[in-house]
Amino acid sequence: QVQLVESGGGLVQAGGSLRLSCAASGLTFSTYAMSWFRQGPGKQREFVAAMAWRGGSTNYADSVKGRFTISKDNAENTAYLEMNNLEPEDTAVYYCAAERLGFASTRSREYTYWGQGTQVTVSS
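Here is what the cut-offs are and how they apply
Residues numbered from 1 in each chain as written. Predicted model: local features only at pLDDT ≥ 70, side-chain atom pairs only at ≥ 80, totals over all residues. Heavy atoms only, no water. Buried < 20%, exposed > 50% of the residue type's maximum accessible area, 1.4 Å probe, protein only. Helix = DSSP H or I, 4+ residues; strand = E, 2+ residues; numbered from the N terminus. Pairing = 2+ DSSP bridges. Phe/Tyr/Trp six-rings, centres within 6.5 Å; stacked < 30°, edge-to-face > 60°. Lys, Arg positive; Asp, Glu negative; His and termini not counted. Salt bridge = Lys/Arg side-chain N within 4 Å of Asp/Glu carboxyl O. Contact = heavy atoms within 4.5 Å. Core = buried A, V, L, I, M, F, W, Y, C linked by side-chain atoms within 4.5 Å. Axes fitted to C-alpha atoms, helices over the stretch in contact; angles between N-to-C directions.

A. Structural view of the pairing of strand S1 (residues 3-7). The side-chain alternation of S1 yields one buried face, formed by Leu 4 and Glu 6, and one unburied face, formed by Gln 3, Val 5 and Ser 7. Relative to strand S3 (residues 18-25), S1 is paired through five bridges, and the arrangement is antiparallel. The residue bridging Val 5 from the neighbouring strand is Ala 23, located in S3.

Next up, the structure:
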């Protein structure tokens with residue numbers, strides 16, 4: 001019954017911004033760690049950002065640190081990924097993932113629930 005639905009992807013110019021959303025249902029959202037991963041065509045799935053259920057601990061991939069911000073709105077049962085100063089290298093399908101973790105895991109295998117993905121394309 002757990003469902004994660006991503007939205008907010010699209011086509012942007014390099015230097016632009018996007019805000020991805022992950023709407024969750026079927027879980028006690030406040031007790032779940034949330035994360036974002038991405039996968040470009042022909043590439044491996046890559047960690048992007050994570051936030052622990054405690055609400056304060058976060059992790060970011062070095063490639064996005066300082067540009068992306070993960071957040072979690074428990075009242076709306078929604079996680080977000082604010083992406084600024086986008087680069088062509090950020091082009092990928094972005095996936096939201098959730099797990100009842102007390103830390104911001106960077107490993108995809110530690111997450112049970114996944115969304116369907118949303119495409120982000122950054123042109124130069």
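We are not done yet, so read on.
B. Layout of the packing of aromatic side chains. The tally for this structure, following the rule as stated, stands at four aromatic pairs. Note on Tyr 32 and Tyr 113: the rings are 6.4 Å apart at their centroids and 55° apart in plane angle, and the pair reads as tilted. Of this pair, Tyr 32 sits in the loop between S3 and strand S4 (33-39) while Tyr 113 sits in strand S10 (residues 113-114), and the two are 81 residues apart along the sequence. Classification of Tyr 32 by relative accessible area gives buried; the value is 13%. On the numbers, 5.6 Å between centres and 70° between planes, the contact of Phe 37 with Phe 47 is edge-to-face. One end of the pair, Phe 37, is in strand S4; the other, Phe 47, is in strand S5 (residues 46-51), and ten residues separate them in sequence.

C. Up close: the side chain of Glu 99. Within the fold, Glu 99 resides in strand S9 (residues 92-99). For the buried Glu 99, no salt bridge exists, and the shortest N-O distance to an oppositely charged side chain is 7.8 Å, to Arg 100. Those residues within four positions of Glu 99 in sequence are excluded, and the remaining contacts are Tyr 32, Ala 33, Glu 110, Tyr 111 and Thr 112.

D. Representation of the nonpolar core in the model. By size, the foremost hydrophobic cluster in this structure holds 37 residues, and its most contacted members are Met 34, Trp 36, Val 48, Phe 68, Leu 81, Met 83 and Tyr 94. Elements represented by at least two residues in this core include exactly S3, S4, S5, strand S7 (68-73), strand S8 (78-83), S9 and strand S11 (118-123). When near neighbours in sequence (up to four residues on either side) are disregarded, Val 48 contacts Trp 36, Phe 37, Arg 38, Asn 59, Tyr 60, Ala 61, Val 64, Phe 68, Leu 81 and Tyr 94.

E. Main features of the sheet that holds S1. The antiparallel open sheet is built from four strands, whose spatial order is S1-S3-S8-S7. For this open sheet the edge positions go to S1 and S7, each flanked by a neighbour on one side alone. Averaged over all pairs of adjacent strands, the angle between their axes in this sheet comes to 15°, without regard to strand direction. Sheet analysis places S7 next to S8, joined by six bridges and oriented antiparallel. Paired with Asp 73 across the strands is Thr 78, a residue of S8.

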